[in-house]
Amino acid sequence: MSSAAPTNIAGQKHALPSYLNADNLGPWGIYLQQVDRVTPYLGSLARWVETLKRPKRAMVVDVPIELDNGTIAHFEGYRVQHNLSRGPGKGGVRFHQDVTLSEVMALSAWMSVKNAAVNVPYGGAKGGIRVDPRTLSHAELERLTRRYTSEINIIIGPSKDIPAPDVNTNAQVMAWMMDTYSMNSGSTATGVVTGKPISLGGSLGRHEATGRGVFVVGSEAARNIGLEIKGARVAVQGFGNVGAVAAKLFHEAGAKVVAVQDHRTTLFDPAGLDVPALMEYASHSGTIEGFRGEVLRTAQFWEVDCDILIPAALEGQITAENAPQIKARLVIEGANGPTTPEADDILRERNILVAPDVIANAGGVTVSYFEWVQDFSSFFWTEEEINQRLVRIMQEAFRAIWQVAQDNKVTLRTAAFIVACTRILQAREMRGLYP
Ligand code: GLU
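Residues numbered from 1 in each chain as written. Predicted model: local features only at pLDDT ≥ 70, side-chain atom pairs only at ≥ 80, totals over all residues. Heavy atoms only, no water.

A. Seen up close, the overall build of the chain. Scanning the chain from N- to C-terminus turns up twelve helices and twelve strands. Taken against the 2.2 N^0.38 rule, which gives 22 Å for 435 residues, the C-alpha radius of gyration of the chain at 21 Å falls within 12% of a compact globule. Viewed in the frame of its principal axes, the chain has a C-alpha envelope of about 55 × 55 × 45 Å. Within the chain, contacts between residues at least 6 apart in sequence are counted, and of these 68% link residues at least 24 apart. Carbon and sulfur atoms provide 50% of the accessible area of the chain, an area that totals close to 17,500 Å². Placing the 42 positive and 45 negative side-chain charges of the chain at their respective mean positions leaves the two points 6 Å apart. (Helix = DSSP H or I, 4+ residues; strand = E, 2+ residues; numbered from the N terminus. Rg over C-alpha atoms; globule rule 2.2 N^0.38 Å. Contact = heavy atoms within 4.5 Å. Areas by Shrake-Rupley, 256 points an atom, 1.4 Å probe, with all protein chains shown as cover. Lys, Arg positive; Asp, Glu negative; His and termini not counted. Charge placed at Lys NZ, Arg CZ, Asp CG, Glu CD.)

B. Molecular detail of the environment of Asp 179. Looking at the secondary structure, you find Asp 179 in helix H4 (residues 171-185). Overall, the relative accessible area of 28% leaves Asp 179 in the partly exposed class. For the pair Asp 179 and Trp 372, spaced 193 residues apart in the sequence, the C-alpha separation amounts to 16 Å. (Buried < 20%, exposed > 50% of the residue type's maximum accessible area, 1.4 Å probe, protein only.)

C. Expanded view of the site of the ligand. Around the ligand, a shell composed of 14 residues is seen, among which Lys 90, Lys 114, Pro 165, Asp 166 and Ser 368 lie nearest. A distance of 3.1 Å separates an oxygen atom of the ligand from a polar side-chain atom of Arg 206. At 3.0 Å from an oxygen atom of the ligand is found a side-chain nitrogen or oxygen belonging to Asn 336. Among the secondary structure elements, those contributing two or more residues to the shell around the ligand are strand S3 (89-96), helix H2 (101-117), strand S5 (161-165) and helix H10 (363-377). When its residues are assigned to classes, the shell around the ligand shows four nonpolar, five polar and five charged. (Near = heavy atom within 4 Å. Polar contact = N/O pair within 3.5 Å; in protein donor to acceptor, adjacent residues only side chain to side chain. Nonpolar A, V, L, I, M, F, W, Y, C, P; charged D, E, K, R; others polar.)

D. How the structure looks around the packing of helix H1 (residues 27-38) against helix H8 (residues 341-349). The N-to-C vectors of H1 and H8 enclose an angle of 50°; their axes lie 9 Å apart at closest approach. Judged by the angle between their axes, H1 and H8 are oblique. Contacts between H1 and H8 involve Ile 30, Gln 33 and Arg 37 on the former and, on the latter, Pro 341, Glu 342, Asp 344 and Asp 345. Among the residues forming the contact of H1 with H8, the class breakdown is two nonpolar, one polar and four charged. (Axes fitted to C-alpha atoms, helices over the stretch in contact; angles between N-to-C directions. Parallel < 35°, antiparallel > 145°, perpendicular 65-115°, else oblique.)

The structure is reproduced here in structure tokens:
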């Protein structure tokens with residue numbers, strides 16, 4: 001990850017909000033470089049590009065809770081609304097010990113780009129708490145979630161900003177958020193979050209949607225480079241909601257999942273891991289550690305002989321160090337921001353196609369959009385309808401981005417940014433500056 005403040009295409013230092021440390025920009029620095037790469041393709045809209053380089057609103061909150069042992073613990077919480085030009089804020093909430101403001105800012109910006117890339121009517125937002133949720137009891141987690149929701153209550157709402165699950169958050173956390181917001185506002189507001197339990201206005205198909213989108217986009221990309229899914233060797237980093245579902249769908253389509261890595265271990269089986277059994281195992285033990293298969297060292301994961309590589313964990317994983325070792329022909333980004341710009345360049349030179357996060361993992365927010373629409377109309381669709389619409393939106397978005405990449409001879413990431421940033425900045429320009 002780049003440590004110094006990146007320069008823009010004119011070689012000038014980026015104008016940074018004063019609350020960020022220029023020497024340690026983290027994921028925000030990666031995002032700024034991606035914006036620089038798209039700027040030459042924005043035509044007259046480039047006049048507005050600075051809009052994308054600072055979040056509209058960034059909220060930092062203290063989240064104090066009483067622990068089960070009677071002591072008081074304080075956690076740092078964030079909600080960042082990067083851009084609201086095209087609609088309300090939308091994006092997940094992450095509970096992780098490494099969450100920082102810079103990370104949440106980058107994730108919120110990637111949501112703006114993602115939502116515009118698949119053309120759902122949202123701006124971009126993201127939230128998080130700097131906490132390792134595995135150290136908390138169920139009751140402590142509930143208190144943490146409710147206090148955090150109360151703190152950000154003034155900026156969220158069904159037509160303002162709609163959180164959803166992300167790393168280490170799930171339908172139960174969304175139920176607590178929905179309830180807390182509803183208790184504070186005096187009426188039940190199901191549309192304030194998505195990714196809820198089905199019994200509380202959640203949508204069929206939402207749980208699997210991100211992994212399904214990874215599969216749909218991956219299949220389109222594979223076809224375009226003449227790679228057959230049947231028999232293809234797949235390596236997956238991360239075995240949570242995204243990685244496990246993607247692995248399952250590739251497995252069902254006849255691919256061999258030869259390697260899986262989670263936060264504890266790396267499993268390898270050249271004959272293909274038994275994905276359904278691995279999912280069953282991980283659902284009980286919380287990790288894939290201990291399941292049958294050869295155990296590799298962490299760094300060896302990137303050298304595994306495979307055709308398709310799916311990073312589905314955290315950002316900054318594919319770097320200038322490991323990109324030269326990657327054997328795959330296709331990288332499908334299930335995670336947000338898994339590839340650094342330097343690694344992007346190396347993969348491109350090596351003719352490895354990258355299906356970027358802002359399209360490859362947009363299935364989750366697409367079905368979140370369906371959930372929000374269903375909540376507003378109090379009319380619920382069948383799972384078949386949802387999956388059909390999801391596939392159609394993802395395929396159309398991917399094909400349009402593919403065409404832009406061909407026309408401009410750019411990577412799919414830059415093409416996705418061209419499509420998305422054009423939509424965002426057109427909206428920005430049409431709305432005009434107030435006052
Ligand atoms: N957290 C997911 C993402 O990164 C889903 C966001 C949403 O559904 O709002 O795309």
